[in-house]
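Observations on the three-dimensional arrangement
Residue strings, one per chain:
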Amino acid sequence: MRDTLLIALFAFLGATSAGVLGAGVLLLIRRRSLTAHLAVVAAVAVAAMLAGTLAVARAMFLSSHDLSVVTTVVAMAAVVSLVTALLLGRWVVARSRELALAARSFGDGGEFAAPDGPATAELAALSRELEATSVRLAQSRDRERALESSRRELVAWISHDLRTPLAGLRAMAEALEDGVAAEPDRYLRQIRTEVERLNDMVGDLFELSRIHAGTLKLSPARISLYDLVGDALAGADPLAREHGVRLVGHGVEPVPVEVDGREMSRVLGNLLVNAIRRTPADGTVAVAARRSSEGAVVVSVTDGCGGIPEEDLPRVFDTGWRGTHARTPPAGAGLGLAIVRGIVEAHRGTASVRNVRGGCRFEVTLPAEV
């Protein structure tokens with residue numbers, strides 16, 4: 001037993017010395033290729049075995065012939081180990097370079113295509129992650145292009161919608177100033193109407209900027225959904241009468257919700273105004289509110305606009321989007337539905353739209369606990 005312990009001790013000391021030397025070499029070449037690292041590791045393994053063997057041989061006084069045999073065997077093992085390490089290192093480095101070139105292609109705006117051929121588990125996992133990242137980047141670029149297109153459309157439409165009333169205000173002001181206005185009171189009423197319209201547009205822009213900047217502050221309170229919908233219907237009733245549209249509020253359940261009453265009133269008001277303006281005379285705008293089977297609160301506004309083209313449905317809530325028949329005043333600048341989505345998402349809910357018979361239905365879904 002004592003001899004075995006001594007052999008183990010001498011072998012450990014010899015192997016340790018080779019291991020320490022190998023660690024120092026690895027530290028010096030830490031910035032070099034993986035091939036060099038694998039070669040050093042293979043050399044350290046063989047050197048550790050050789051050092052341990054020599055230490056034991058010297059302690060146990062092996063014959064020179066036996067020591068020569070052992071040394072020869074270790075040398076052959078070293079050659080095979082080094083060749084294997086070099087081949088493995090070159091293969092891994094080649095695969096890494098192919099992966100780097102593929103990653104560079106999607107970094108420059110293209111799509112990532114994984115290199116063909118086998119790879120280690122780590123490189124395969126990295127390739128999968130790069131593919132997922134490429135997909136996310138492509139989606140981000142698409143969203144950025146869509147947002148940029150929406151911003152350009154918004155600037156163009158806002159410029160048009162501001163220029164028209166401003167030109168009218170200037171003309172009416174000049175007529176009043178020159179004393180050529182046949183009906184000054186009518187001019188003054190029209191000026192007030194245009195100013196209110198401009199004020200609403202500026203208010204919508206300010207609200208949208210707060211939503212996009214993430215500075216929209218909510219003050220949730222527990223209120224009745226029945227009262228919330230009732231107030232919105234009462235506020236939209238004059239506009240509905242003006243357009244000859246019937247407002248229907250059947251099926252509104254008196255369930256409590258915890259929301260910012262002011263902001264959610266704006267959501268319902270925007271949806272009702274949008275529905276009334278796009279529903280023909282003698283049409284109906286129906287409002288319903290219920291609690292779903294999952295416990296969420298769903299508020300819907302159904303109009304009689306005749307439906308929205310399927311290709312336009314994904315863009316309905318985009319900033320600045322307006323239907324082709326709504327691109328003239330008083331349709332607004334296409335901010336109302338974008339504000340609806342922003343406020344609803346701030347409540348951790350969702351806003352959606354779908355076509356129904358004779359029109360479309362906007363739905364606002366709020367979680368059970370907001």
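What you see is a predicted model, and the numbers here were worked out from it, not measured in a lab.

A few points about the environment of Gly-304
Relative to the elements of secondary structure, Gly-304 occurs in the loop between strand 5 (297-302) and helix 8 (336-346). Measuring from C-alpha to C-alpha, the distance between Gly-304 and Arg-277 comes to 10.0 Å, with 27 residues separating the pair along the chain. Excluding residues within four positions of it along the chain, Gly-304 makes contact with Arg-278, Thr-279, Pro-280, Thr-284, Gly-358 and Gly-359.

Quick look at the pattern of salt bridges
Once the charged atoms of two side chains with opposite charge are near each other, the side chains can pair. Evaluated as defined, the whole model comprises ten salt bridges. Of the charged contacts in the structure, one is a salt bridge between Glu-194 and Arg-197, with a shortest N-O distance of 3.4 Å. Residue Glu-194 and its partner Arg-197 are located together in helix 5 (residues 184-213), separated by three residues, close to a single helical turn. Its salt-bridge partner being Arg-354, residue Glu-363 comes within 3.4 Å of it at the nearest N-O pair. Here Arg-354 falls in the partly exposed class, since its relative accessible area comes to 39%.

Quick look at the packing of helix 6 (residues 225-243) against helix 7 (residues 261-278)
For the pair helix 6 and helix 7, interaxial distance at closest approach is 9 Å and the crossing angle is 30 degrees. For the element pair helix 6 / helix 7, the angle class is roughly parallel. Relative to helix 7, helix 6 is oriented so that their crossing is right-handed. Together, Leu-228, Val-229, Ala-232, Leu-233, Ala-236, Leu-239, Ala-240 and His-243 of helix 6 and Gly-261, Met-264, Ser-265, Leu-268, Leu-272, Val-273, Ile-276 and Arg-277 of helix 7 make up the contact between the two elements. Taken together, the residues of the contact of helix 6 with helix 7 sort by class into twelve nonpolar, three polar and one charged.

A look at the pairing of strand 3 (residues 256-259)
Side chains of strand 3 alternate between two faces, with Val-257 and Val-259 buried and Pro-256 and Glu-258 left unburied. Bridge count for strand 1 (residues 221-224) against strand 3 is four bridges, and the pairing is antiparallel. Bridging across to strand 3, Ala-221 finds its partner in Val-259.

Describing the pairing of strand 5
Buried residues dominate strand 5, accounting for six of its six residues. Examined bridge by bridge, strand 4 (residues 284-291) and strand 5 share six bridges and lie antiparallel to one another. Within strand 5, the residue paired with Arg-290 across the bridge is Val-298. Count of turn residues in the strand 4/strand 5 antiparallel hairpin: five residues, of which Gly-295 carries a positive phi of about 95 degrees. Bridge count between strand 5 and strand 7 (residues 359-366): six bridges; the pairing is antiparallel. Residue Val-301 lies in a different strand from strand 7, and its bridge partner there is Phe-362.

Considering unusual backbone geometry
A positive phi angle is found at Asp-282, which is not glycine, with a value near 70 degrees. Tracing the backbone shows Asp-282 in the loop between helix 7 and strand 4. According to the relative accessible area criterion, Asp-282 is exposed, its value standing at 63%. Phi at Arg-348 takes a positive value of approximately 65 degrees, unusual for a residue other than glycine. Structurally, the position occupied by Arg-348 is in the loop between helix 8 and strand 6 (350-356).

Definitions and cut-offs
- Residues numbered from 1 in each chain as written.
- Predicted model: local features only at pLDDT ≥ 70, side-chain atom pairs only at ≥ 80, totals over all residues.
- Heavy atoms only, no water.
- Helix = DSSP H or I, 4+ residues; strand = E, 2+ residues; numbered from the N terminus.
- Contact = heavy atoms within 4.5 Å.
- Salt bridge = Lys/Arg side-chain N within 4 Å of Asp/Glu carboxyl O.
- Buried < 20%, exposed > 50% of the residue type's maximum accessible area, 1.4 Å probe, protein only.
- Axes fitted to C-alpha atoms, helices over the stretch in contact; angles between N-to-C directions.
- Parallel < 35°, antiparallel > 145°, perpendicular 65-115°, else oblique.
- Left-handed = near helix turned anticlockwise from the far one by under 90°.
- Nonpolar A, V, L, I, M, F, W, Y, C, P; charged D, E, K, R; others polar.
- Pairing = 2+ DSSP bridges.

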